[in-house]
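Observations on the three-dimensional arrangement
Residues per chain, in single letters:
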Amino acid sequence: MGSPENLLAQPMTEAGRAGLAGFLARPADAVVALDFDGTLAGIVPDPEQARAHPGVVQALTRLAPLLRAVVVITGRPAETAVRLGGFTAVDGLDRLVVLGHYGAERWEAATGRIEAPAPPPGVAAATAELPGLLERSGAWQDRPVDAAIETKGGRAVAVHTRRTADPQGTFEALRAPLAALAERHGLIVEPGRFVLELRPPGVDKGVALTSYVREVDAGAVLYAGDDLGDLAAYAAVDALRAEGLPGVLVCSSATVGEGAEELADRADLVVPGPAGVVELLTALAEAAMQAP
Ligand SMILES: O=P(O)(O)OC[C@H]1O[C@H](O[C@H]2O[C@H](CO)[C@@H](O)[C@H](O)[C@H]2O)[C@H](O)[C@@H](O)[C@@H]1O
């Protein structure tokens, strides 16, 4: 990567090259939108141990002041992403916004406050049924199933299969029973990397991204993600591009073979995981500083 010239040459698609040129023509009007897990933070077995990759905060502090805004759009609760990302009270990050729970929650660095609607009905009841359902699946054998259940501030609940003997087999075996459980409680299943999340319908990363881009009247957008939940944001960037807004789709591809291959196929630019994202953000900041 390195120089802005190299960066400009990198997108594999014509749309991506046009999007990046539009982005760098007026970076002060542009928005960078970023997924958290797998994009800003490396994938680890225990979700609570995830942290922003070294260099993320520094790269963001260089880039954010040069742009209209930087927004993190994540399936995590906003509070969790802010805490694991180390985004609180950082000089230079005062324009950072975190949209948690796929856009249902919003944290602003400028105020430090989180806006969150009331927890959706159904999550508590579905969560109460999960231990029995997982024990009956047999996938956890004699290990406690609790470690596989991620309660997400009462707004959603996730079942992780990464730490079972057969993560993909367990993931597939649980799809139908979790879909039935979700339906009984008015929820939907959001699949991800060895995770099936039960959450309320009505929001996704595409809705969140489009709404934010319009709110700040962005002149260009770059979105980076790594997982199935990011496909909705990709579709939103495609739709915005069709309206004439320059856009760039970036795939963070550190963990291959976990079901999110479509993202790499659709991306304009593929970077090697969070380390590659840091490099990209740094190069964008360099290029933005040289913009006319
Ligand atoms: O939208 P994201 O920020 O990408 O969040 C999506 C899910 O990410 C988390 O799970 C993933 O990361 C974990 C930690 O590295 C990993 O153990 C797991 O296998 C991944 O799927 C998070 O725990 C989920 O709640 C999010 O829905």
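These lines cover the structure that appears in this document, whether it is placed above or below. This structure is a prediction, so every number in the text was calculated from the model and none was measured.

A word on the environment of Ile188. With respect to the secondary-structure elements, Ile188 resides in strand β8 (residues 188-192). C-alpha separation for the pair Ile188 and Pro200, spaced twelve residues apart in sequence, amounts to 5.9 Å. The residues contacting Ile188, other than those within four sequence positions of it, are Ala182, Glu197, Leu198, Arg199, Pro200 and Pro201.

Strand pairing within a sheet occurs via backbone hydrogen bonds; the two strands may be parallel or antiparallel. The strand order across the open sheet formed by eight strands is β5-β4-β3-β2-β1-β10-β11-β12, and the pairing between neighbours is mixed. Pairing within the sheet leaves two strands with one partner each, and these edge strands are β5 (114-115) and β12 (269-271). Note that strand β4 (residues 105-108) and β5 share two bridges and pair antiparallel. In the sheet register, Trp107 faces β5, and the bridge partner there is Ile114.

Attention shifts here to the side chain of Glu197. Within the secondary structure layout, Glu197 lies in strand β9 (residues 195-199). Look at Glu197 and you get buried, because its relative accessible area is 4%. In this structure the side chain of Glu197 is engaged in a polar contact, spanning 2.8 Å, whose partner is the side chain of Lys152. Residues contacting Glu197, with those up to four places away along its chain left out, are Gly75, Tyr102, Lys152, Ala156, Val157, Ala158, Ile188, Val189 and Glu190.

So, about the pattern of salt bridges. Under the criterion given, the structure shown has 21 salt bridges. A salt bridge links Arg76 to Asp37; its shortest N-O distance comes to 2.7 Å. Placement of Arg76 in the loop between β2 (69-73) and α4 (78-85) and of Asp37 in the loop between β1 (30-34) and α3 (56-63) is noted, with a sequence separation of 39 residues between them. In this structure Arg76 comes out as buried when scored by relative accessible area, which is 5%. Taken together, the shared-partner salt bridges connect Asp238, Arg241, Glu262, Arg266 and Asp268 into one network.

Another aspect to go through is the site of the ligand. Around the ligand sit 20 residues in total, of which Asp35, Val44, Glu150, Arg193 and Lys205 are the nearest. Thr74 places a side-chain nitrogen or oxygen 2.6 Å from an oxygen atom of the ligand. Contact between the ligand and Glu197: an oxygen atom at 2.7 Å from a side-chain N or O atom of the residue. Contact with the protein chains hides 98% of the accessible area of the ligand, taken as 570 Å² for the molecule alone.

The rules behind these values
- Residues numbered from 1 in each chain as written.
- Predicted model: local features only at pLDDT ≥ 70, side-chain atom pairs only at ≥ 80, totals over all residues.
- Heavy atoms only, no water.
- Helix = DSSP H or I, 4+ residues; strand = E, 2+ residues; numbered from the N terminus.
- Contact = heavy atoms within 4.5 Å.
- Pairing = 2+ DSSP bridges.
- Buried < 20%, exposed > 50% of the residue type's maximum accessible area, 1.4 Å probe, protein only.
- Polar contact = N/O pair within 3.5 Å; in protein donor to acceptor, adjacent residues only side chain to side chain.
- Salt bridge = Lys/Arg side-chain N within 4 Å of Asp/Glu carboxyl O.
- Near = heavy atom within 4 Å.
- Areas by Shrake-Rupley, 256 points an atom, 1.4 Å probe, with all protein chains shown as cover.

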